[in-house]
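# Coordinate analysis (summary)
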Amino acid sequence: MINKKIGVLLLLMVLFSMGAKAQLTTSVKLNEVLVVNEDNFVDDYGKRHPWFELYNNSAGTVDLRGCFLTNDKNNPRKYMIPKGDVLTKVPPRQHLLFWADDQPTKGTFHVNFTFDPNKDNYLALYDSDGTTLIDEVTIPAGQKADVSYGLDLDGVGNWSILDKVTPSTNNLTLDSNAKLENFQRNDPWGIGMTITAMAVVFLGLIILYLVFKQIGNAAIKASKRNAQKAAGTGAAVSANIGQESGEIFAAIATALYEMSDDNHDIENTVLTIHKVQRSYSPWSSKLYSLRQTPNKK
């Protein structure tokens, strides 16, 4: 029974992971195409070829290994993205560039077809099953050299001629800051900015003052409570002392006096001098060891 439950859970996990992968791959979009590359981006071999860009429009990493790219509606499995390349994983909101140079032996990102600038060019991305269409686009004929055809915004919008060629980066590049321009237009002298900055500073100071004041009040209250507790403890001790009998204290005082009187009364009041007698022996006198000076007559 337990083995059956484990098997069912594993099957559900596999199905869920496959469903999540399929959902993620459908979020990849064809984003930008350059049909005629005369003086534009070069590949990893230093050559200029047509290229196209994919964009991951989801918030998770998408692995495109096993998916298919094609320029032929009748052959959706024309080029399979290899499964052994870690670079086929596209991070969230990022791009992946392929070279349409008809030279697949050069690497993972070199497909086996190219574009013809004299006619419409079809481009499609299929899922790993080879039948589920993820995205497709038809690039009109007559594309100009070094001018790309792409979406207005990355992953969304309409296809059109782009003002700037943006391989592996955002299709819409902002050359100005709308908020800054609006601020400059409405406040050319910077008065509003000054007032705002000062208001922020003073508001911060007021908040700090209130916080420290509350902390100080809490500390004062805590110290008062501790003092009251200490005073209550001292009063209880005094009350206990007052309840004791006076005879006990008299006995303690008498015992202390007697002990002090026995040890120090004589030494503190009497000066005692003991005579030190020196033992003398003529055998130890140096007088008998010296020679006598002869008498002169």
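This text goes with the structure placed above it.
The numbers attached to residues start from 1 for each chain and follow its sequence in the written order. Selection of residues for local features in this predicted model requires a pLDDT of at least 70, selection of side-chain atom pairs for listing and counting requires 80 or more, and totals for whole chains, interfaces and linings are taken over all residues. The side-chain quantities take in all heavy atoms of the structure and omit both hydrogens and water.

### Observations regarding the layout of surface pockets
A probe as big as a water molecule, rolled over the atoms, marks out the empty space that is left. Definitions used throughout: a 1 Å grid over protein atoms alone; a cavity as a set of points that fits a 1.4 Å probe which cannot get out; a pocket as an open set with protein on both sides within 12 Å along at least five of seven lines; a lining residue as one with an atom within 4 Å of a point. Grid points are joined across faces, edges and corners, and a volume is the space filled by probe spheres set on the points. Taken as a whole, the largest pocket encloses approximately 150 Å³ of empty space. Along its surface, the largest pocket is lined by Val-42, Asp-43, Asp-44, Leu-87, Leu-96, Leu-97, Trp-99, Lys-106, Gly-107, Thr-108, Phe-109 and His-110.

### Focus on the sheet that holds strand 5 (residues 79-80)
Strand pairing in a sheet is mediated by backbone hydrogen bonds. Such pairs are either parallel or antiparallel. Being paired, for any two strands, means DSSP has found at least two bridges between them. Helix and strand definitions follow DSSP, with helices as H or I runs of at least four residues and strands as E runs of at least two, each counted in order from the N terminus. Across the sheet, which stays open at both edges, the four strands sit in the order 5-4-8-9 with antiparallel pairing between neighbours. Every other strand in the sheet has two partners, leaving strand 5 and strand 9 (133-139) as the edge strands with one partner each. With three bridges joining them, strand 4 (residues 68-70) and strand 8 (residues 121-126) adopt antiparallel strand pairing. Directly across from Leu-69, in strand 8, lies its bridge partner Leu-125.

### Focus on the environment of Thr-132
Looking at where Thr-132 falls in the secondary structure, it is placed in the loop between strand 8 and strand 9. With 65 residues separating them along the chain, Thr-132 and Cys-67 place their C-alpha atoms 9.8 Å apart. Whether two residues are in contact is decided by their heavy atoms, any of which lying within 4.5 Å being enough. Setting aside anything within four residues of it in sequence, one finds Thr-132 in contact with Leu-125, Tyr-126 and Asp-127. N or O atoms closer than or at 3.5 Å make up a polar contact, with two conditions inside protein: a donor-capable atom paired with an acceptor-capable one, and, for residues adjacent in sequence, both atoms drawn from side chains. Looking at Thr-132, its side chain comes within polar contact range of the side chain of Asp-129, at 2.6 Å.

### Remarks on the pattern of salt bridges
Basic side-chain nitrogens of Lys or Arg form a salt bridge, by our definition, when they fall within 4 Å of a carboxyl oxygen of Asp or Glu. Under the criterion given, the structure shown has two salt bridges. Residue Asp-39 is joined to Arg-48 by a salt bridge in which the shortest nitrogen-to-oxygen separation is 3.6 Å. Judged by its relative accessible area of 38%, Arg-48 falls in the partly exposed class. For the salt bridge of Arg-65 with Asp-63, the shortest nitrogen-to-oxygen distance reads 3.1 Å. When accessible area is computed with a 1.4 Å probe and restricted to protein chains, residues below 20% of their type maximum are described as buried, those above 50% as exposed, and intermediate ones as partly exposed.

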